[in-house]
Each structure stands twice: as structure tokens, then as C-alpha cells.
Amino acid sequence: MSEQVVERFVDRIDAVFLPVRDLQESLEWYQKVFGFGLRWSNERMAGLAISPNCGFHLVQIPDFEPINKYTPFNFVVKNADEVRASLGQLGVEVSEIRNGEPRRFDLTDNNGNMISVIQI
């Protein structure tokens, strides 16, 4: 079988969409817990800003089922222990720290979605 070389044509991922049960409730939760800024929103979706060129989107899904078998993306932090403690004080469900490369833990959002937090 010969290998065909394909020229790369994708520059980057523009958006990651996280499904949620209730958009407004989820927006409030992510802004309260993480301080993310709102980039835009409509009746079904919203874009949250983490930094100038980084963010993600929440999308309200009618037949919502939480992503709880894997983590769809990671939040990167400088100190996993401090962030985990702060989230715990806010009542966010967090796992134990897993040592290794990278050090990490998982959190569960207000919809039951799992997200990894990694220390880099």
C-alpha cells in the first residue's frame, strides 16, 4: 500500500462545544466559578473567553446527556493543588490529584460534564 502525502489545509480548531442542559444556568456557573468572560450568546449557544485567543462554547441540547465517561478537553493551570482547593471551597465536585505528567484532576460541572484540569 503506497502512502499518499496530503497537504495540510486546516489551520486550527476554532471552537470546542460543550453540551449543557440549560444555557443561562451554565453561563452563570462558568462565569461564577471560573470568571470566564462572555464573548457572544444567542438563545441556544454562548462563547466564553478564557484568554484573548482561547475559549470554548456552551450549547444547549434538547436531549442532553452529560459527558461523564471521558473529558472532552483540559483546562491548563499553573498550580493544580491551589485550583482544586479553590474549586472544592466553591462546592465543585473534584477528583483526587493524579500525579504524573501532567499532574491533573477532574471536575464535574453543574451539568454533570467531566473536565480535566492539568498543571503545566
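Everything discussed here concerns the structure shown above.
A. View of the sheet that holds strand β1 (residues 17–20). Pairing in this open sheet of 4 strands is mixed, and the strands run β1-β4-β3-β2 from one edge to the other. Every other strand in the sheet has two partners, leaving β1 and β2 (37–41) as the edge strands with one partner each. Strand-to-strand twist across the sheet, computed as the mean angle between neighbouring axes with direction ignored, equals 30 degrees. Of the strand pairs in this sheet, β1 and strand β4 (residues 54–60) are connected by 4 bridges, and their pairing is parallel. In the strand pairing of β4, phenylalanine 17 is matched with histidine 57.

B. Seen up close, unusual backbone geometry. Put simply, glutamate 101 and proline 102 share a cis peptide bond, and its omega is -5 degrees. Along the chain, proline 102 falls in the loop between β6 (93–94) and β7 (103–108).

C. A look at the pattern of salt bridges. With the rule as written, the count across this model stands at 4 salt bridges. A salt bridge links aspartate 14 to arginine 12, with the nearest nitrogen and oxygen atoms 3.6 Å apart. Assigned by exposure class, aspartate 14 and arginine 12 land together as exposed. Across the pair aspartate 106 and arginine 98 runs a salt bridge, and its minimum N-O distance is 3.3 Å.

D. Inspection of the side chain of serine 26 at higher detail. The topology assignment puts serine 26 in helix α1 (residues 23–34). Relative accessible area serves as the criterion here: at 0%, serine 26 is assigned to the buried category. Look past the residues within four positions of serine 26 in its chain and what remains in contact with it is Val20, Leu58, Asn110 and Asn111.

E. Highlighting the sheet that holds β6. Spatial ordering of the open sheet is given by β5-β8-β7-β6, a layout of 4 strands whose pairing is mixed. At either margin of the open sheet sits one strand with a lone partner, and together these are β5 (74–77) and β6. Bridging between β6 and β7 involves 2 bridges; their strand directions are antiparallel. The partner of glutamate 93 across the bridge, within β7, is threonine 108. This element, α1, spans β5, β7 and β8 (114–119) of the sheet and lies at about 140 degrees to β7. Here helix α2 (residues 80–89) sits on the sheet and contacts β5, β6, β7 and β8; the angle it forms with β7, its principal contact strand, is near 15 degrees.

F. Representation of the environment of aspartate 11. Along the chain, the position of aspartate 11 falls in the segment before β1. Sequence spacing of aspartate 11 and threonine 108 is 97 residues, and the spatial spacing of their C-alpha atoms is 31 Å.

G. Representation of the pairing of β2 in the model. Where β2 meets strand β3 (residues 45–51), 4 bridges bridge the pair, whose relative direction is antiparallel. Looking across to β3, one finds that tryptophan 40 is bridged to glycine 47. Counting the residues that bridge the hairpin from β2 to β3 gives 3 residues.

Definitions and limits used
Residues numbered from 1 in each chain as written. Predicted model: local features only at pLDDT ≥ 70, side-chain atom pairs only at ≥ 80, totals over all residues. Heavy atoms only, no water. Pairing = 2+ DSSP bridges. Helix = DSSP H or I, 4+ residues; strand = E, 2+ residues; numbered from the N terminus. Axes fitted to C-alpha atoms, helices over the stretch in contact; angles between N-to-C directions. Salt bridge = Lys/Arg side-chain N within 4 Å of Asp/Glu carboxyl O. Buried < 20%, exposed > 50% of the residue type's maximum accessible area, 1.4 Å probe, protein only. Contact = heavy atoms within 4.5 Å.

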